[in-house]
Structure formats: C-alpha cells, structure tokens
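Coordinates in review
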Amino acid sequence: MKIVLAYSGGLDTSVAIKWLKDKYNAEIICYTSNVGQADDPKKLKAKAIKTGASRLYFEDLRLKFVNEYIVPSLKAGAIYQDKYPLATALARPLIAEGMVKVAKKENAQAIAHGCTGKGNDQVRFELTAKYLAPELKVIAPVREWEFHSREEEIDYAKKYGIPVSVTKAKPYSIDWNLWGISIECGRLENPWNEPSEDAYQITAAPEKAPAKPEYATIGFRKGVPVSLNGKGADTLSIVEKLTKTGGKHGIGRIDMVEDRLVGIKSREIYEAPAAVILHAAHRELEKLVFSRDLYEFKTLISQRYSQIVYFGQWFSHIKECLDAFVDESQKFVTGEVKMKLYRGACTVAGRRSPYSIYSESLATYTLKDMFDHKAAQGFLEIFGLPSKLEGLRDKK
Ligand code: ARG
C-alpha cells in the first residue's frame, strides 16, 4: 500500500510516518506545501526521509491560494461568526487538493492527515478528498493511534530513532499561512485568560505600536485588490505588504470563542492584519456602489459563505452558486479605499469609485442641495400609513 501523508515536520506527522508504515505495511510519500509559512524544503525533505518516508513533495501553493481561495472569499465577505477571516479553513481544501493530485500521480491508495478527532480540519481534508477522489481511503493516525499524550509520542519517537527537534512542549498550537495565523491551546484554553504577548507571532501590541498613524490606500477592480498606495500590484504582494504594515501597527488581533462543527466551543486567537484591512476596505467600497437591497442581501450571502468554508464544503455546488452571485455583485466594486492604521485600529479614512451611487448634491445641507424636500411629504403619507393604522387600532 502507498500512502500520501500531509507532513509538517512536527512531532505528530513525524511519528505518523513510522506508525503508518508499520500498521499498514505501507510506503509513505510525504506532502508539504508552502501556503505562506516559513518552512525550509531542504530540511523538511531530509527529515522526512530520515524518518522513513520514501519521498517528499514540496509545492509552492501561494499564488493558487491567493487567486483561487483568498480572493473569492474576500469578494464574498466570508468572515466566520463576525470575526474569523478563515485563514486555516481556506488553506485545508487547497492542501487536500494538492495531496489528491500527488496520490493520483503516485498511484497511492490512501491519503493521511495529522488532524485530531475534535477539530474542523479533519472535516475540511476529508470532504475535499471525498469530492475529488472518492476512491481514496483517508487515514487519520492521530484519531486512531494508541498514544494518549505528547510524552508517549516522544517515547515512541525515541524508541524508533525518529528525530524530534522539540524537547519542551510548545506553549501553543499554531497554524500559519499568508491569510493569517491561528493560535490555540495552553493557557488560552481558559477563555478568561488574556493572551500573553508570547502568543502573538506577527503583530505588535497596540500600546507599543508607533505613535504616528500610517495610511494604506487599497485599489480594487471588480472586488479584487489591484493596487496599494497608488501603485499597481498583484494581490499576493498586497497581502504580504499589508501583513507587515498592519502587524507593525497592531492590526488584526482577534480573540474569540467560536463554534466548531463538532459542537465544541473553542477559544481561538488569530492574527490576520491583511485580512482585517482588506475585508474592511472591501466592505466599505461595496457601501459606496451597492444599492441598499444588494448591500443587505449580500450580508446574508457572506454569512452563509463563511459557514460553508468553515464546514469544509469548499467543493460543493452551493458554494459555486454563491460564487456566481458574488461575482455578479462585484461588477461595480472598483475604486479606492484609504485605511488609517493606528495602534490596533484600522479605520476607513476615505473612499471613492467611478461607479459610486453616492450623490453629494443629494446629501448636502448647503445651498447646492438638489433633494426635493416637498416630495418627502407625500412619501411620508404613504410610508407612514401602516404606523398610522396600527396607532389608531392600539388606541382603542
Ligand atoms: N479554529 C480554527 C479553524 O477551525 C483554527 C484551527 C487551527 N489549528 C491549529 N492547530 N491552531 O479554522
């Protein structure tokens, strides 16, 4: 049997190589992708092979991640439970897609991942695999094996000469990609505990951020970020730059209690400077060019879209249908939004669009006012009719 394993080089997936090999009498092919975290492919390859894998595929998926996953979710306004921009959730189907390709190329019979049975990530990997390659078996060693603690895993690793770099347990579990970082476990498990500074990886504490604000002007074309501070740029570099600048100003720290698909509530910390800035800017531009009906209706679509992504249903007809709606809605989402970044806050400082339906001559309170005030009288007769009827009834 041949198994393609999603490999990070950490303790779980290192132990998984040996465990899978023995339990399934299998050849193990490792798969790692670059989705924005800073792995060294040479070191990973050497480590995987030393641990018993026969090969490691390393793929740079950053562009695909941005163009096929991040941009659609940004256009959709996908933010789970009003806070989480879905960095981890978006990367899982992408990685699973990559693994399935390798499995086909290698003629493997199974893929394996290192997710636990309590989380959302197992769902995302497995729904993607079911959709793309229902014939593949999916194995989740961490869900199946006999180890009950990190210490037991370390003992096993030592016994079989599996190189483990970490001796002391890391204080948090961290998942890192270019749309954001997810941090959990350790003292964060008590939702009353304020995260200590060591939990944060890429953002400055707002109180230590520069005392001078900085502006970032983001240009969009049909909902896609295409420029930063007046200079045309690809979305990947815009995301990278905003991660840096936003992080410096303490933007993008999110502390939330969220509902996992398996029913557990979990306390999560995220750092997503670029996602927070871009979502805020994008939504603001929609306010300028959308009708009230469209703005309010799209809010519903965004919420549903975020659930679909969170629940691992990236490859589904309902998501495709929502994408079609979202794409049409973005027809006029072209323009610029000026964001002010200052000590943890990212606020809109200005917005403009050639497709704006904001009219200064209607909004103004000066002599230039073009609004027909008299017309409001007749409008109120009719719009106010239900209130009048109810009022009359309730007086009786
Ligand atoms: N709760 C988030 C999600 O389900 C993040 C999970 C990330 N995993 C981690 N090891 N920190 O998308």
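Whatever comes next refers back to the structure up there.
The structure contained in this document is the topic of the report that follows. (Residues numbered from 1 in each chain as written. Predicted model: local features only at pLDDT ≥ 70, side-chain atom pairs only at ≥ 80, totals over all residues. Heavy atoms only, no water.)

Comments concerning unusual backbone geometry
Phi at Asn25 is positive, roughly 50°, even though this residue is not glycine. Of note in the backbone geometry, Gln81 takes a positive phi value of approximately 45° without being a glycine. In this fold, Gln81 is placed in the loop between α3 (62-76) and α4 (87-106). Its relative accessible area of 31% is what places Gln81 among the partly exposed residues. (Helix = DSSP H or I, 4+ residues; strand = E, 2+ residues; numbered from the N terminus. Buried < 20%, exposed > 50% of the residue type's maximum accessible area, 1.4 Å probe, protein only.)

Some thoughts on the environment of Ile183
Mapped onto the elements, Ile183 comes out in strand β7 (residues 180-184). Relative accessible area serves as the criterion here: at 0%, Ile183 is assigned to the buried category. Apart from residues lying up to four places away in sequence, Ile183 is in contact with Tyr172, Ser173, Ile174, Leu188, Ala199, Gln201, Glu268, Ile269 and Glu271. (Contact = heavy atoms within 4.5 Å.)

Notes on the packing of aromatic side chains
Applying the stated rule across the entire model yields 15 aromatic pairs. Measuring from centroid to centroid gives 6.0 Å for Trp19 and Trp145, while their planes differ by 80°, and the two rings are edge-to-face. Taken together, the residues Trp19 in helix α1 (residues 11-24) and Trp145 in the loop between α6 (141-144) and α7 (150-159) connect sequence positions 126 residues apart. With respect to burial, Trp19 and Trp145 carry one shared label: buried. Each member of the aromatic cluster is reached from another via a ring pair, and the members are Trp19, Tyr24, Trp145, Phe147, Tyr156 and Tyr160. For Arg253, the ring lying beneath its charged end belongs to Tyr200, and the centroid distance is 3.6 Å. Seen from the ring of Trp314, Lys319 lies directly overhead, with NZ or CZ sitting 3.6 Å from the centre. (Phe/Tyr/Trp six-rings, centres within 6.5 Å; stacked < 30°, edge-to-face > 60°. Lys NZ or Arg CZ within 6 Å of the ring centre and 35° of its normal.)

Considering the packing of helix α8 (residues 235-248) against helix α9 (residues 273-289)
Relative orientation of the contacting elements α8 and α9 amounts to 105°, with a least axis distance of 7 Å. Classified by the interaxial angle, the pair formed by α8 and α9 is roughly perpendicular. The segment α8 lies against α9, with Ile238, Val239, Leu242, Thr243, Gly246 and Gly247 engaging Pro273, Ala274, Ile277 and Leu278. Class assignment of the residues belonging to the contact of α8 with α9 gives a composition of seven nonpolar, three polar and no charged. (Axes fitted to C-alpha atoms, helices over the stretch in contact; angles between N-to-C directions. Parallel < 35°, antiparallel > 145°, perpendicular 65-115°, else oblique. Nonpolar A, V, L, I, M, F, W, Y, C, P; charged D, E, K, R; others polar.)

Some thoughts on the pattern of salt bridges
All told, the structure shown has 27 salt bridges when counted by the stated rule. A salt bridge links Glu284 to Arg351; the nearest nitrogen and oxygen atoms lie 2.8 Å apart. Placement of Glu284 in helix α9 and of Arg351 in strand β14 (residues 345-352) is noted, with a sequence separation of 67 residues between them. With a relative accessible area of 40%, Arg351 lands in the partly exposed category. Salt bridges here are not isolated pairs; linked through shared partners, they connect Lys2, Glu27, Arg55 and Glu106. (Salt bridge = Lys/Arg side-chain N within 4 Å of Asp/Glu carboxyl O.)

Looking at the layout of surface pockets
One number sums up the size of the second largest pocket: a volume of about 500 Å³. Lining the second largest pocket are 23 residues, with Gly77, Ile79, Asp82, Lys83 and Ser302 positioned closest to its centre. Mapped onto the lining of the second largest pocket, the elements with two or more residues apiece are α9 and α10 (292-310). Of the residues in the lining of the second largest pocket, the class split is nine nonpolar, nine polar and five charged. (1 Å grid on protein atoms, 1.4 Å probe; cavity = no way out; pocket = protein on both sides within 12 Å on 5 of 7 lines; lining within 4 Å. Points joined across faces, edges and corners; volume = space filled by probe spheres on them.)

Some thoughts on the sheet that holds strand β6 (residues 173-177)
Each strand in a sheet pairs with its neighbour through backbone hydrogen bonds, running either in the same direction (parallel) or in the opposite one (antiparallel). An order of β6-β7-β12-β11 is seen for the four strands of this open sheet, with the pairing classed as antiparallel. In this open sheet, the two edge strands, each paired with only one partner strand, are β6 and β11 (253-259). When the angles between neighbouring strand axes are averaged without regard to direction, this sheet yields 25°. Bridge analysis of β11 against strand β12 (residues 265-271) gives seven bridges, and the strand direction is antiparallel. (Pairing = 2+ DSSP bridges.)

Let's talk about the site of the ligand
Surrounding the ligand, one finds 14 residues, the nearest of these being Tyr84, Asn120, Arg124, Ser173 and Glu258. In this structure, a nitrogen atom belonging to the ligand sits 3.5 Å away from a side-chain N or O atom of Glu184. Here the ligand, which alone exposes 350 Å², has 91% of that area covered by the protein. Broken down by secondary-structure element, the contributors of at least two residues to the shell around the ligand are α4, α5 (121-132), β6, β7 and β12. Its residues assigned to classes, the shell around the ligand comprises four nonpolar, four polar and six charged. (Near = heavy atom within 4 Å. Polar contact = N/O pair within 3.5 Å; in protein donor to acceptor, adjacent residues only side chain to side chain. Areas by Shrake-Rupley, 256 points an atom, 1.4 Å probe, with all protein chains shown as cover.)

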